[in-house]
Amino acid sequence: MVPIFLLCLSCVTLIDSTVLPDVPFKPLPEEDPPTVDDDLMHFIPDKTYTEQKVKIQLFYECHCPGCREFETTEFNETVVKMNEYLDIQTYPYGNAKTEEHDGKVEFKCQHGPTECYGNKLHACALDIIKNHTAALQFNICMMESSQEKEGSDDIAADKCGAQMGIDSTPIKSCANGAKGIELLQYYGVESNKINYDYVPFVLINGEEYQGENLVKAVCKYFSEPPPPCV
């Protein structure tokens, strides 16, 4: 379990805000945010697995110390070892707030405007990188402790893109434009459906996870455990 002092609680006072351009909001469908053309990116092939899959939902914000610790350790191990057996959905919004005033969208993020932008980078990566496992690993990479400052910025996006053979340019363009706003609003709506008090917040098949070994916890949900669980 992530140490309590690293968790980011929803009751913490929000720091600063980001006022974004006057962009009309078009509600997104609850499934599958919009995507862009396949030829924008270089992809890593997915493995396929047609048997039972366990669903993991991770709610987080990119600059939260506990989120960074969890994603780059337990969660990363789970993605690497078990991605083909899981349905993993991540929500890069955390304890942010979305407000609209006179047609303008305002995001208030717990760790300031740089986190709002970082969350948009994560949302855009999930939208643009067609291979979902690669998108998850790209976002994990941006949160690694080796990244400059707090990570999840343009420098981290470029660095992870170079390491993974992914073009970071469309991801940054998305985060700086209307699409990034639209996607972050979508993740805000989805996050607000869950009554969590802290991040990182994890659900396994709809049940809250509070353990110290995500792989071990996930394995208990299989009626026939896959090879990584044996």
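Not measured: the values here are computed from a predicted model. (Residues numbered from 1 in each chain as written. Predicted model: local features only at pLDDT ≥ 70, side-chain atom pairs only at ≥ 80, totals over all residues. Heavy atoms only, no water.)

A. Molecular detail of the sheet that holds strand β8 (residues 201-204). The strand order β4-β3-β8-β9 describes an open sheet built from 4 strands, whose pairing is mixed. Where the open sheet ends on each side, the last strands, each with one partner, are β4 (86-92) and β9 (207-208). Looking at chain direction, strand β3 (residues 54-60) and β4 are connected through 7 bridges and run parallel. Counted as the bridge partner of K55 is D87 from β4. Here helix α2 (residues 113-128) sits on the sheet and contacts β3 and β4; the angle it forms with β4, its principal contact strand, is near 145 degrees. (Pairing = 2+ DSSP bridges. Helix = DSSP H or I, 4+ residues; strand = E, 2+ residues; numbered from the N terminus. Contact = heavy atoms within 4.5 Å. Axes fitted to C-alpha atoms, helices over the stretch in contact; angles between N-to-C directions.)

B. Representation of the state of the cysteines. Under the defined criterion, the tally for this structure stands at 5 disulfides. Two residues share a disulfide in this structure: C124 and C174, whose sulfurs sit 2.0 Å from each other. Handedness of the C124-C174 disulfide follows from its S-S torsion of about -75 degrees: it is left-handed. With a gap of 50 residues between them, C124 in helix α2 and C174 in helix α5 (residues 169-175) connect regions that are remote in the sequence. The pair formed by C124 and C174 is uniform in burial state, with each residue classed as buried. Each disulfide in the chain links cysteines that, numbered along the sequence, combine into the pattern 1-2, 3-4, 5-8, 6-7, 9-10. The closest cysteine sulfur to the non-disulfide-bonded C62 is located on C109, 7.7 Å from its own sulfur. (Disulfide = S-S within 2.5 Å. Buried < 20%, exposed > 50% of the residue type's maximum accessible area, 1.4 Å probe, protein only.)

C. Structural detail: the pattern of salt bridges. By the definition in use, this model includes 5 salt bridges. One salt bridge in this structure joins K108 and E99, with 3.7 Å as the shortest N-O distance. Judged by its relative accessible area of 26%, K108 is partly exposed. Its relative accessible area of 27% is what places E99 among the partly exposed residues. (Salt bridge = Lys/Arg side-chain N within 4 Å of Asp/Glu carboxyl O.)

D. Inspection of the packing of α2 against helix α3 (residues 132-142) at higher detail. Taken N-terminus to C-terminus, the directions of α2 and α3 make an angle of 160 degrees; their axes are 8 Å apart at the nearest point. By the criterion of interaxial angle, the relationship of α2 to α3 is roughly antiparallel. Relative to α3, α2 is oriented so that their crossing is right-handed. Of α3, the residues touching α2 (which contributes L121, H122, A125 and L126) are H132, A135, L136, F138, N139 and M142. A breakdown of the residues in the contact of α2 with α3 according to their chemical character gives 7 nonpolar, 3 polar and no charged. (Parallel < 35°, antiparallel > 145°, perpendicular 65-115°, else oblique. Left-handed = near helix turned anticlockwise from the far one by under 90°. Nonpolar A, V, L, I, M, F, W, Y, C, P; charged D, E, K, R; others polar.)

E. Quick peek at the environment of H122. Summarising the element assignment, H122 is placed in helix α2. Residues H122 and M142, 20 residues apart in the sequence, show an inter-C-alpha distance of 8.6 Å. Filtering out sequence-adjacent residues up to four positions away, H122 remains in contact with Y60, C62, P92, N139, M142, M143 and S152.

F. Structural context of the packing of aromatic side chains. The final tally for this structure, using the stated rule, is 8 aromatic pairs. Both rings, one in F59 and one in F201, keep their centres 6.4 Å apart while their planes meet at 55 degrees; by these two values the pair is tilted. On the criterion of sequence distance, the pair formed by F59 in strand β3 and F201 in strand β8 is long-range, its members being 142 residues apart. Residues F59 and F201 agree in their burial class; the two are buried. In textbook terms, an aromatic cluster arises when at least three aromatic residues are bridged by ring pairs, as seen for F59, Y91, Y186, Y187, Y196, Y198 and F201. (Phe/Tyr/Trp six-rings, centres within 6.5 Å; stacked < 30°, edge-to-face > 60°.)

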